[in-house]
Amino acid sequence: MPRVLLVEDDRSVREGIELGLRRLGHEVLATATGEAGLEVLGAFRPDLLLLDLMLPAMNGVQVCHRIREAGQLPIIMLTARGDDGDIVLGLDAGADDYIVKPARAEIVEARIRAVLRRAEDPAGARPPVEHHGELTVDRAAHTVLRSGAPLPLAPSELKLLLHLSAVPEQVFSRQRLLKEVWELSYHSDVRLVDACVRRLRIKIGEPPGAPRYIQTLRGLGYRFGPL
C-alpha cells in the first residue's frame, strides 16, 4: 500500500485522516507543521504527500515549492471551503490535486490512488518515443526532453502532456481532460486543468502569450500543436 506523509495542523482532522487511512491499510506518518514534514521526508520516503494549505509559519504553498525544487513527489492539497484563491496558488505551486475538508478516508484514498496511477502509468500503450519540435517524448521511460535536457515534470503535468501529444491538433475540453487525465467527474473543478497547463507551459519554455505546444482554443479547450 502507498506510504503517505500527512501534514495537517488541525489535530482532529489529522487524527481522523491518519486513522482512516491506516484502517484502509496505508502506512501513514503525520506531522503538524510544514517544517516537520520536510524534516522527515527523506527518512520516511513517502509515495504521496497530503499537505494542508493553511499551516502555521511555513504554509502549504511554501512547502510545495520546496518539494518541487527537489523532486516530483505527488502532492494533494487539503483545503477548507472558500479558499478559492489559495487553491489556485497551491495548484500553481505544483500540487497535483486538492481535497476540500472534511472528507471521508475512502474519498481521500480514492484521490490518492488516482494521483498515483497518473504517476505510475502516464504513457499508456502508445509508441515509446516521439519527437515534437524541440520536445522528445519517451513514453516507455516516462520522460520528456527539451533540446536534449530532461524536464522535471510532476505526475499530472507529465500525463497531461502525454495525453495531448498523443493526438496532435485534437481539441480537448477541460471537462474531458478532468475525466481522462485526472479521473474526476465531469463536474469537478476545471482549475486543476488550467493550473497544470500554466505550469507545463513554463517548464517546456512556451513564450508568454504565444504558446506553440499547448494551445488554447477559447471556449473549446486545449490542444497540442499544430507546430
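Everything discussed here concerns the structure shown above.
Asks: Can you help me understand the overall build of the protein chain in this one?
Replies: Within the protein chain one finds eight helices and eleven strands. Against the globule reference of 17 Å for 227 residues, the protein chain gives a C-alpha radius of gyration of 17 Å, in line with a compact fold. Overall size of the protein chain, expressed as C-alpha extent along the three principal axes, is 50 × 35 × 30 Å. Expressed as a percentage of the 227 residues in the protein chain, the buried residues total 48%. For the protein chain, the share of sequence-separated contacts (at least 6 apart) that also reach a separation of at least 24 residues comes to 57%. Accessible area of the protein chain: about 10,600 Å², with a carbon and sulfur share of 53%. Averaging the locations of the 30 positively and 31 negatively charged side chains of the protein chain gives two centres separated by 4 Å.

Asks: Help me understand the pairing of strand β7 (residues 135–138), please; the structure alone is not making it clear to me.
Replies: One face of the sheet, then the other: side chains in a regular strand alternate in exactly this way. Along β7, the buried face is formed by Leu135 and Val137; none of Thr136 and Asp138, which line the opposite face, is buried. Note: strand β6 (residues 129–132) against β7, four bridges, orientation antiparallel. For glutamate 130, the partnering residue across the bridge sits in β7 and is valine 137. Counting the residues that bridge the hairpin from β6 to β7 gives two residues, and of these glycine 133 lies at a positive phi of roughly 60°. Pairing analysis gives four bridges linking β7 to strand β8 (residues 143–146), with the strands arranged antiparallel. Bridging from a neighbouring strand, leucine 135 pairs with arginine 146 of β8. Turn length for the β7-β8 hairpin, with the two strands adjacent in sequence and antiparallel, is four residues, and the turn residue histidine 142 shows positive phi of about 60°.

Asks: Sorry, what's going on with the side chain of glutamate 18 here?
Replies: For glutamate 18, the position within the fold is in helix α1 (residues 11–23). Glutamate 18 sits in the buried class, given a relative accessible area of 18%.

Asks: Got a minute to help me understand the environment of glutamate 206 in this structure?
Replies: The topology assignment puts glutamate 206 in the loop between α8 (191–203) and β10 (214–217). In contact with glutamate 206, other than residues within four places in its own chain, are Arg201, Pro211, Arg212, Tyr213 and Ile214. Within polar-contact distance, the side chain of glutamate 206 engages the backbone nitrogen of arginine 212 at 2.6 Å.

Asks: Would you explain unusual backbone geometry in this entry?
Replies: Leaving glycine aside, a negative phi is the common case for residues, and trans is the common case for peptide bonds. In this structure, proline 102 follows lysine 101 across a cis peptide bond, with omega equal to -5°. With respect to the helices and strands, proline 102 occurs in the loop between β5 (97–100) and α5 (105–120). In this structure, arginine 45 takes a positive phi of about 50° despite not being glycine. Relative to the assigned elements, arginine 45 resides in the loop between α2 (34–44) and β3 (48–52). Of note, the phi angle at histidine 142 is positive, near 60°, even though the residue is not glycine. Topologically, histidine 142 is positioned in the loop between β7 and β8.

Criteria and thresholds
Here the residue numbers are simple positions, counted from 1 along each chain's written sequence. In keeping with the model being predicted, local features are shown solely for residues with a pLDDT of at least 70 and side-chain atom pairs are shown and tallied solely at 80 or more, while totals for entire chains, interfaces and linings include all residues. With hydrogens and water excluded, all non-hydrogen atoms of the structure serve as input to the side-chain values. Numbered from the N terminus, helices here are DSSP runs of H or I no shorter than four residues, and strands are runs of E no shorter than two. Only C-alpha atoms enter the radius of gyration, while the globule expectation follows 2.2 Å times N to the 0.38, with N the number of residues. Buried means the residue's accessible area, taken with a 1.4 Å probe over protein chains only, is under 20% of the maximum for its type, while exposed means over 50%, and partly exposed covers the values in between. Note on contacts: a residue pair is in contact if any heavy atoms of the two residues lie within 4.5 Å. Values of accessible area rely on a 1.4 Å probe in the Shrake-Rupley scheme; residue burial ignores everything except the protein chains shown. In this charge count, Lys and Arg are treated as positive and Asp and Glu as negative; neither His nor the chain ends contribute. Charged groups are reduced to one reference atom each: NZ for lysine, CZ for arginine, CG for aspartic acid, CD for glutamic acid. Two strands form a pair only when DSSP identifies at least two bridges running between them. Under the rule applied, a polar contact is a pair of N or O atoms within 3.5 Å (in protein, one hydrogen donor and one hydrogen acceptor; residues adjacent in sequence only if both atoms are side-chain atoms).

Spatial relationships are all this shows, so hold off on functional conclusions.
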